[in-house]
Amino acid sequence: MDQEFSAVGEVDGDRVTVTVTGEVDMATAGEMFRAATPGRVHSATLDLRAVTFFDSAAIHALVRLAEHYPGTLDVLPSDRVRRVLDISGLGEQPWIKAG
């Protein structure tokens, strides 16, 4: 696992807020997903403002989270993540919020 990567979740009521740092790729995307799905929560905020790299595995994990939390996911992207989401055609999703 990338030493620069971390995904730390904090549960408050029925919402988890996960702060992700570093590179999200095939080696770390699963950990990001697990941190965002701790059980007994019904909504999530994913803070990606400190993410420096985001690949197709990360996009897949993000789409899975949007399916897991329909209508209750908020994603705060870094500029790099925003660019990747725009290129992938996901830039206009309602769960993407201004960082």
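Here goes a summary of the coordinates provided. (Residues numbered from 1 in each chain as written. Predicted model: local features only at pLDDT ≥ 70, side-chain atom pairs only at ≥ 80, totals over all residues. Heavy atoms only, no water.)

Our focus in this paragraph is the environment of T19. With respect to the element layout, T19 can be found in strand β2 (residues 15-24). Not counting chain neighbours up to four residues away, the residues in contact with T19 comprise S6, A7, V8 and D47. (Helix = DSSP H or I, 4+ residues; strand = E, 2+ residues; numbered from the N terminus. Contact = heavy atoms within 4.5 Å.)

Attention shifts here to the side chain of T28. Note that T28 resides in the loop between β2 and α1 (29-35). Looking at T28, its side chain comes within polar contact range of the main-chain oxygen of E23, at 2.9 Å. (Polar contact = N/O pair within 3.5 Å; in protein donor to acceptor, adjacent residues only side chain to side chain.)

Quick look at the pattern of salt bridges now. Considering all chains together, one arrives at 4 salt bridges under this definition. Here R15 and D74 are joined by a salt bridge, their closest N and O atoms 3.9 Å apart. Pair noted here: R15 is in strand β2 and D74 is in strand β4 (residues 73-77), with a separation of 59 residues, a long-range link. Classification of D74 as partly exposed rests on a relative accessible area of 24%. With a closest N to O distance of 3.5 Å, E31 and R34 form a salt bridge. Pair noted here: E31 and R34 are both in helix α1, with a separation of 3 residues, about one helical turn. With a relative accessible area of 27%, E31 lands in the partly exposed category. Judged by relative accessible area, which is 52%, R34 ranks as exposed. The network of salt bridges with shared partners includes R15, D74 and K97. (Salt bridge = Lys/Arg side-chain N within 4 Å of Asp/Glu carboxyl O. Buried < 20%, exposed > 50% of the residue type's maximum accessible area, 1.4 Å probe, protein only.)

This next bit is on the pairing of strand β1 (residues 6-12). The pairing of β1 with β2 spans 7 bridges and is antiparallel. Its bridge partner lying in β2, V8 is registered against T19. Following β1, the chain reverses through 2 residues before pairing antiparallel with β2; G13 in that reversal takes a positive phi of roughly 70°. (Pairing = 2+ DSSP bridges.)

Quick look at the pairing of strand β3 (residues 43-54) now. One ladder, built from 9 bridges, connects β2 with β3; its direction is parallel. Bridge pairing links E23 to F53 in β3. The parallel pair β2 and β3, bridged by α1, forms a crossover whose chirality is right-handed. Alignment of β3 against β4, held across 5 bridges, turns out to be parallel. In the strand pairing of β4, T45 is matched with D74. Crossover handedness for the path β3 to helix α2 (residues 56-68) to β4: right-handed. (Right-handed = clockwise from strand over helix to strand, strands pointing away.)

Right, let's get into the nonpolar core. Counting residues in each nonpolar core, the largest one holds 31 residues, and the members touching the most others are V20, V24, L46, L48 and F54. The biggest single contributor to this core is α2, with 6 residues. Sequence-distant contacts of V24, defined by excluding residues within four places in its chain, comprise F5, A29, M32, V51, F53, F54, D55 and A58. (Core = buried A, V, L, I, M, F, W, Y, C linked by side-chain atoms within 4.5 Å.)

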